[in-house]
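Letter by letter, the chains look like this.
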Amino acid sequence: GGDLLVDGESVSATVQGPIADLASRLARFGDQRDVEPPASLHAQLRPYQRQGLSWMANMAEIGFGGILADDMGLGKTVQFLALHLARRPTGLPTLVVCPVSVIANWARAAERFAPSVPVVRYHGSSRRLDQLAPDALVLTTYGTVRRQADALAAQHWGLVAADEAQNIKNPMSRTARALRRLPA
């Protein structure tokens, strides 16, 4: 918004609606804050991990997503678990979508770094979303998201993580479309 010069004439422009909301959120992003790792996190974050936690928390606070693309083995999982713990007061569960081959890794990491967090595996024949704890970490697969999109979209999520996101690199795929339907 403001005054614009159009063909030599000054024109007043007012931004309204969704664009005004976006501009407001982007302006708030300039006021980024450092986020301290929660006391309930059973890990000591390195400086770059603390920076990743703060960046993800600030992005989530203004309603944006992001890609955490640290090299393999540098602790993306522990950074995300720290974010989940930091956002616990929202009272909304977190969904982690990943290949079936890493569900057990996520469960072990949660048990190690965030043992107070209830972990629910939404995979296999006994999957259920009823009676989720407000701070639950729900682990599922890309295939389950594709097949159970309606059930997953009926739940409001505080955060959704797409681990190994190359699985949704084609935005027109059924899996990518199903994942975008999830309210978070």
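Enquirer: Quick question: what am I supposed to make of the sheet that holds strand E6 (residues 159–162) here?
Expert: Taken in spatial order, the four strands line up as E4-E5-E3-E6 in an open sheet, and their pairing is parallel. Taken across any chain shown, the strands that pair with only one partner, and hence form the sheet edges, are strand E4 (119–121) and E6. Strand-to-strand twist in this sheet, taken as the mean axis angle between neighbours without regard to direction, amounts to 20°. Packing of helix H4 (residues 103–113) onto the sheet brings it into contact with strand E3 (94–98), E4 and strand E5 (137–141), and relative to E5 it is tilted by some 165°.

Enquirer: Explain the packing of helix H2 (residues 47–61) against helix H3 (residues 76–86) to me, please; I cannot follow it from the model alone.
Expert: Where H2 contacts H3, the axes come no closer than 9 Å and their chain directions differ by 45°. Of the possible angle classes, the one that applies to H2 and H3 is oblique. In terms of crossing hand, the pair formed by H2 and H3 is right-handed. Counting all contacts with H2, which are made through Tyr48, Gln49, Gly52, Leu53, Met56 and Ala57, the residues of H3 involved are Val78, Gln79, Phe80, Ala82 and Leu83. Residues of the contact of H2 with H3, tallied by class, amount to eight nonpolar, three polar and no charged.

Enquirer: Please explain the pattern of salt bridges as it appears in this structure.
Expert: Oppositely charged side chains can form a pair if their charged atoms are brought close together. Evaluated as defined, the whole model comprises five salt bridges. A salt bridge links arginine 128 to aspartate 130, with the nearest nitrogen and oxygen atoms 2.4 Å apart.

Scoring rules and cut-offs
- Residues numbered from 1 in each chain as written.
- Predicted model: local features only at pLDDT ≥ 70, side-chain atom pairs only at ≥ 80, totals over all residues.
- Heavy atoms only, no water.
- Pairing = 2+ DSSP bridges.
- Helix = DSSP H or I, 4+ residues; strand = E, 2+ residues; numbered from the N terminus.
- Axes fitted to C-alpha atoms, helices over the stretch in contact; angles between N-to-C directions.
- Contact = heavy atoms within 4.5 Å.
- Parallel < 35°, antiparallel > 145°, perpendicular 65-115°, else oblique.
- Left-handed = near helix turned anticlockwise from the far one by under 90°.
- Nonpolar A, V, L, I, M, F, W, Y, C, P; charged D, E, K, R; others polar.
- Salt bridge = Lys/Arg side-chain N within 4 Å of Asp/Glu carboxyl O.

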